[in-house]
Amino acid sequence: MRLQLRPPCTTRFLPRHSDHSQRHRVATQSVKRLRLTVTNSAVLHQSFESSVDGAVNSAKLGNKWMEYQGLYNWDGLLDPLDDTLRNEILRYGKFVEATYRSFDFDPDSSTYGDSKFSRKNLLNRSEIGYTGYELTSNLRATCGVGLGLPRWLDRAPAWMSTRSSWIGYVAVCQDKDEIARLGRRDVVIAFRGTATCMEWVENLRATLTSLVGSTNNGGGPMVESGFWSLYTSKLPTCPSLQEMVRAEIGSVIRSYGDEPISITITGHSLGAALATLAAYDIATTFDHAPMVTVVSFGGPRVGNTSFRCQMEKSGTKILRIVNSDDVITKVPGFVIDNNDVAVKTAGLPSWLRKRVEAMQLGYADVGQELRLSSRESPYLNKNDVVTCHDLQTYLHLVNGFVSSTCPFRATATRMLERQTTEKAFI
């Protein structure tokens with residue numbers, strides 16, 4: 001038996017030409033060009049930008065907007081992936097893209113750790129295209145581990161000891177046509193991933209800690225210590241991220257509470273974890289809060305089973321986009337009671353399972369999952385850990401995913417047509 005390789009999809013990534021030889025030549029050149037770019041994470045950012053731009057169109061949601069925000073947990077929309085949902089995921093991914101483009105990564109810059117752009121011009125300067133949204137607030141996160149670090153760190157370069165840095169923003173849809181298309185006024189909270197040394201230190205604090213205000217006798221809601229520290233820590237000159245989120249959302253509710261509102265929190269990597277914490281905080285802080293939805297990309301685990309239950313009770317909807325080849329989605333800790341393909345305690349001796357729980361490393365995944373894989377794309381370097389976790393990889397995989405039986409847009413149309421024919425015959 002001879003194995004036949006499935007060709008990559010040409011419907012979105014390659015131009016159409018009437019001449020077959022010219023079409024083949026363009027396809028070959030395009031594949032070579034893409035394979036060159038994905039070997040470098042920084043270049044990958046630009047590689048799939050045009051394909052994602054082309055994928056995001058303006059389907060009207062109307063009175064079905066709550067369904068696409070997860071009212072029914074995206075039942076029937078994920079496999080196969082509904083095109084309208086695909087475009088909404090990509091649209092929110094571009095808001096996360098703006099956080100990376102705006103952040104000053106240059107340690108020699110006087111504005112290192114801050115946004116390079118003003119609040120008024122951030123979305124335009126980040127070149128993600130017209131959104132119809134306007135920024136209402138910048139957000140900062142503060143590391144809470146400064147007091148426990150060695151004294152010599154005080155003499156280290158400023159970029160190594162920066163405790164508070166710009167982490168994202170809040171934006172409100174103000175365009176009347178976009179509000180009509182969405183079926184409501186949407187509020188976006190977008191978070192970037194890890195960027196500073198101190199944030200990396202917080203990421204390594206993998207043990208669970210009790211949520212403030214919860215009674216924990218071993219079974220209460222608990223979350224990762226470092227993520228919670230970044231969300232709640234503050235400085236004399238800077239409020240905590242939690243305080244900033246609460247203040248801004250309170251202001252939004254007071255301003256637009258008499259009309260349909262949704263709060264969509266999106267983030268990548270560390271930003272995905274902060275998005276989950278912010279969603280929990282909003283849903284449990286405000287009485288009669290608007291519908292809260294999380295769209296996360298490449299997020300690590302956040303809390304234990306009790307935390308997941310509290311999230312479900314709050315009515316918060318979470319859509320986790322996961323790349324099976326991304327190691328960040330498989331940490332921290334161990335999964336206690338679900339069927340995640342990553343490291344889990346099922347099948348371990350009872351004494352070891354108890355040890356995991358005693359060490360406060362027992363986690364549970366939250367929300368609904370859209371599982372993708374870099375291995376299904378002919379354009380990606382499957383062995384590059386950085387590429388597998390890159391936000392642009394996630395947007396590329398979302399753009400190409402069709403269903404579990406056709407994981408990438410390789411002859412997708414023919415496969416779907418064949419499936420429809422087979423169902424009709426049966």
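Just so it is clear, the structure is predicted and the values come from calculations on it, not from any experiment.

Chemist: When you look at empty space enclosed by the protein in this model, what are you seeing that I'm missing?
Modeler: Unfilled space is identified by rolling a water-sized probe across the atoms. As enumerated under the stated definition, the model contains three cavities of 30 Å³ or more in all. Around the largest cavity, the lining comprises 18 residues; the ones closest to its centre are Ser296, Gly299, Pro300, Arg320 and Val366. Sorting the residues of the lining of the largest cavity by element identifies helix H12 (270-285) and strand E8 (317-323) as the ones contributing at least two each. Per-element tally for the lining of the largest cavity: the top contributor is E8, with four residues. Across the lining of the largest cavity, the residue classes tally to nine nonpolar, six polar and three charged. Of the voids in this model, the second largest cavity is the one considered here, and its volume is about 60 Å³. Together, Tyr68, Gln69, Trp74, Leu85, Glu88, Ile89, Tyr92, Thr293, Val295 and Leu319 line the second largest cavity. If you tally residues by element for the lining of the second largest cavity, the top one is helix H5 (residues 83-102), at four residues. Here the lining of the second largest cavity is composed, by residue class, of seven nonpolar, two polar and one charged.

Chemist: I tried to follow the pattern of salt bridges on my own but got confused; where do I start?
Modeler: Side chains bearing opposite charge may pair, as long as their charged atoms lie close to each other. Going through the model one piece at a time under the given rule, you end up with 17 salt bridges. If you follow the salt bridges from partner to partner, you end up with Glu88, Arg91, Glu178 and Arg181 in one network.

Chemist: Help me out: how do you make sense of H5 in this one?
Modeler: In an α-helix, one turn spans 3.6 residues, which is why side chains three or four residues apart end up on the same side. The first and last C-alpha atoms of H5 sit 29 Å apart over 20 residues, in line with the 28 Å expected at 1.5 Å per residue. Here H5 lies mainly inside the structure; 19 of its 20 residues are buried.

Chemist: Would you mind showing me how to read the nonpolar core here?
Modeler: Side chains that are nonpolar tend, in soluble globular proteins, to be buried together. Ile89, Leu123, Tyr133, Tyr169, Phe297 and Ile321 are the most contacted members of the largest nonpolar core, which has 47 residues in total. Ranked by residue count, the leading element in this core is H5, at eight residues. Residue contacts for isoleucine 321: discarding those within four places in its chain leaves Ile89, Val295, Ser296, Phe297, Gly298, Leu370, Leu372, Tyr394 and Val398. Membership of the second largest hydrophobic core comes to 43 residues, among which are Cys143, Met198, Phe227 and Trp228.

Calculation rules
Residues numbered from 1 in each chain as written. Predicted model: local features only at pLDDT ≥ 70, side-chain atom pairs only at ≥ 80, totals over all residues. Heavy atoms only, no water. 1 Å grid on protein atoms, 1.4 Å probe; cavity = no way out; pocket = protein on both sides within 12 Å on 5 of 7 lines; lining within 4 Å. Points joined across faces, edges and corners; volume = space filled by probe spheres on them. Helix = DSSP H or I, 4+ residues; strand = E, 2+ residues; numbered from the N terminus. Nonpolar A, V, L, I, M, F, W, Y, C, P; charged D, E, K, R; others polar. Salt bridge = Lys/Arg side-chain N within 4 Å of Asp/Glu carboxyl O. Expected span 1.5 Å × (residues − 1). Buried < 20%, exposed > 50% of the residue type's maximum accessible area, 1.4 Å probe, protein only. Core = buried A, V, L, I, M, F, W, Y, C linked by side-chain atoms within 4.5 Å. Contact = heavy atoms within 4.5 Å.

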